[in-house]
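Each chain is listed here by its residues.
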Amino acid sequence: MLHLHQRMDILYTITRSLWNLGSKFPFKMQYFLSDYLIYPVLYHVAGYRKKVVRNNLKNSFPEKTADERLSIEREFYHLLCDYFVETVKLADMKPDTMRKHMSFKGMEKVEQYANQGRSVVVYIAHSPNWEWITSLPLFLQDKSIIFGQIYHPLYNKVFDRLFLNLREQYGSISIPMKSTLRQIVEMKKAGKHFCIGFVADQTPKWEAIHHWLDFMHQDTPVFTGTEKIARRTDSAVFFMSLRKVKRSVYEAEFHEITPDCSQLPENAITEQYFKLVEEHLHRYPAQWLWTHKRWKRTREEWEKRRKR
C-alpha cells in the first residue's frame, strides 16, 4: 500500500506532466483557448463571481456610467482568462523567452540600496500577471541580491508544490507568510542583500485588522504587517506597479515610497501604498483582481468583535 507522500508524488508527477503538456502550446493557441473557450464558460455560462465584480466596480468607480463599468468588467474577465493560460505557459518559458515578455523599470535604485547593505521591501498588488514578477532575478545586474516573494501555502499540496516550482524557476525564493519576519531577520544577520516582495492588497483576517483607510471610495481594512517588517529591518520601501502592455508583454516599475521608514509616522507607508494602487487602478481600471472580496469586512462588525 502506498504511503501518503508516495501518493502525493504520483499525483504531482501526473499534474505536472499535464501542465507541461499544456504549456507547450504557442501563445497564439493559448489565447485562442482564452477567447473562445475559457472566457465564454467563465463569464457567460458560469458567471464566476460576476456579482462580486459588479459590486466592486460600482462602489469603486461611482463616477463612471453603467456602460463604462460593463466595459471594464468584460476587459477584466478577458485579462483573468489570459492570466490562466499565461500561468500554464510559465512552465515552458525559458529565461531568454521571459526576457522578451517582461521588463522592469527603476531597478537601479533597488540595487543601489541592496549594494549598500540595505534591505528592500517591495509592495505588490494583484495586477495581471503577478506570477511573472518572479522572473525579476533574470534582470538584476547584481546576482548576489536575493529576490523573494511572500506566499500563503495552498491547501492543495500538489498545486502548492507546483506553484512553488514555477515561482522559483528563475532564481527567486518563496517565503511562507508565517515565517516571514524570522527568515528576513536571519538573512539580514547573515549580511545577505535582498529584495522581498509582499502582495498586500488582500483582506486581513479579523484579528489581523489594525488600521482602516479610504480606498477606492470605501472604508477598507488593510494589512500593516508589511510596514512593521520594513520598520523592524530598517528597509527601503518601494511599490512595484505592473501593467499589461499587450498580450504576453508586461512592464513592471519600481516607485520609491521611502528610503527611511523612521522618517514617516505609523501607517503612513501603508497609506502611501494604497494611494499608489488607487492611482494605478484609475489609470488601468481592468487590471486588478476584482473577483477578490476586498470589502467583505465592515468597521461596524469589527468594532463589535473588539468589544467582545
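A few points on the structure.

Each value, and the rule that gives it
- Residues numbered from 1 in each chain as written.
- Predicted model: local features only at pLDDT ≥ 70, side-chain atom pairs only at ≥ 80, totals over all residues.
- Heavy atoms only, no water.
- Helix = DSSP H or I, 4+ residues; strand = E, 2+ residues; numbered from the N terminus.
- Rg over C-alpha atoms; globule rule 2.2 N^0.38 Å.
- Buried < 20%, exposed > 50% of the residue type's maximum accessible area, 1.4 Å probe, protein only.
- Contact = heavy atoms within 4.5 Å.
- Axes fitted to C-alpha atoms, helices over the stretch in contact; angles between N-to-C directions.
- Parallel < 35°, antiparallel > 145°, perpendicular 65-115°, else oblique.
- Left-handed = near helix turned anticlockwise from the far one by under 90°.
- Patch = residues over 30% accessible without salt bridge, like charges linked within 9 Å, V, L, I, M, F, W, Y side chains within 5 Å.
- Areas by Shrake-Rupley, 256 points an atom, 1.4 Å probe, with all protein chains shown as cover.
- Salt bridge = Lys/Arg side-chain N within 4 Å of Asp/Glu carboxyl O.
- Nonpolar A, V, L, I, M, F, W, Y, C, P; charged D, E, K, R; others polar.
- 1 Å grid on protein atoms, 1.4 Å probe; cavity = no way out; pocket = protein on both sides within 12 Å on 5 of 7 lines; lining within 4 Å.
- Points joined across faces, edges and corners; volume = space filled by probe spheres on them.
- Phe/Tyr/Trp six-rings, centres within 6.5 Å; stacked < 30°, edge-to-face > 60°.
- Lys NZ or Arg CZ within 6 Å of the ring centre and 35° of its normal.

### Looking at the overall build of the chain
From N to C terminus, the chain includes eleven helices and nine strands. In terms of overall dimensions, the chain is globule-like: its C-alpha atoms have a radius of gyration of 20 Å, near the 19 Å expected for 308 residues. Taking the principal axes of the C-alpha coordinates as reference, the chain spans close to 50 × 50 × 45 Å. The buried share of the chain, reckoned over its 308 residues, is 51%. Excluding contacts between residues fewer than 6 apart, the proportion of contacts in the chain whose partners are at least 24 apart in sequence is 77%.

### Points about the packing of helix 3 (residues 50-60) against helix 4 (residues 66-89)
Interaxial distance between helix 3 and helix 4 falls to 10 Å at its minimum, and their mutual angle equals 130°. By the angle class used here, helix 3 and helix 4 are oblique. Helix-helix and strand crossings are classified by hand; for helix 3 and helix 4 the assignment is right-handed. The residues of helix 4 that touch helix 3, namely those facing Lys-50, Val-53, Arg-54, Leu-57 and Lys-58, are Arg-69, Leu-70, Ile-72, Glu-73, Phe-76 and Tyr-77.

### Considerations on a nonpolar patch on the surface
Together, Ile-10, Ile-14, Leu-18 and Leu-21 make up a nonpolar patch on the protein surface, roughly 390 Å² of accessible area in all. Relative accessible area serves as the criterion here: at 46%, Ile-14 is assigned to the partly exposed category.

### Digging into unusual backbone geometry
Cis rather than trans, the peptide bond between Pro-128 and Asn-129 has omega equal to -5°. Within the secondary structure, Asn-129 is located in the loop between strand 2 (120-124) and strand 3 (146-151). Of note in this structure, Met-216 is not a glycine but carries a positive phi near 55°. Locating Met-216 in the fold gives a position in the loop between strand 6 (211-215) and strand 7 (218-222). Its relative accessible area of 0% is what places Met-216 among the buried residues. Residues other than glycine seldom take positive phi values, yet His-217 does so here, at roughly 70°. Of note, His-217 is situated in the loop between strand 6 and strand 7. Residue His-217 is classed as partly exposed on the basis of its relative accessible area, which comes to 47%.

### Some words on the packing of helix 2 (residues 27-45) against helix 4
Between helix 2 and helix 4, the least distance of the axes is 9 Å, while the angle of their chain directions is 130°. Our classification of the angle between helix 2 and helix 4 gives oblique. Note that helix 2 runs across helix 4; the crossing there is right-handed. Here helix 2 contributes Phe-27, Gln-30, Tyr-31, Ser-34, Asp-35, Ile-38, Tyr-39, Leu-42 and Tyr-43 to the contact with helix 4, which in turn contributes Leu-70, Glu-73, Arg-74, Tyr-77, His-78, Leu-80, Cys-81, Asp-82, Phe-84, Val-85, Glu-86 and Lys-89. Residue composition of the contact of helix 2 with helix 4, grouped by class: twelve nonpolar, three polar and six charged.

### Description of empty space enclosed by the protein
The tally for this structure, following the rule as stated, stands at one cavity of 30 Å³ or more. If you add up the space inside the largest cavity, you get close to 60 Å³. Lining the largest cavity we find Phe-76, Leu-79, Leu-80, Tyr-83, His-126, Pro-128, Trp-130, Ala-286, Gln-287, Trp-288 and Leu-289. Residues that form the lining of the largest cavity fall into these classes: nine nonpolar, two polar and no charged.

### A few points about the packing of aromatic side chains
Counted by the stated rule, this structure contains 24 aromatic pairs. Between Trp-212 and Trp-302, the aromatic rings sit 5.6 Å apart at their centres with planes inclined by 50°, giving tilted as the arrangement. Linking Trp-212 in strand 6 with Trp-302 in helix 11 (residues 299-307), this pair joins segments that are 90 residues apart in sequence. Since its relative accessible area comes to 8%, Trp-212 is described here as buried. Through pairs of rings, three or more aromatic residues link up here, namely Phe-61, Tyr-123, Phe-215, Phe-239, Tyr-273, Phe-274, Trp-288, Trp-290 and Trp-295. Here the basic side chain of Lys-89 rests over the ring of Phe-27, its NZ or CZ set 5.3 Å away from the ring centre. Across the ring face of Tyr-12, the terminal group of Arg-161 is positioned such that the distance to the ring centre comes to 3.9 Å.

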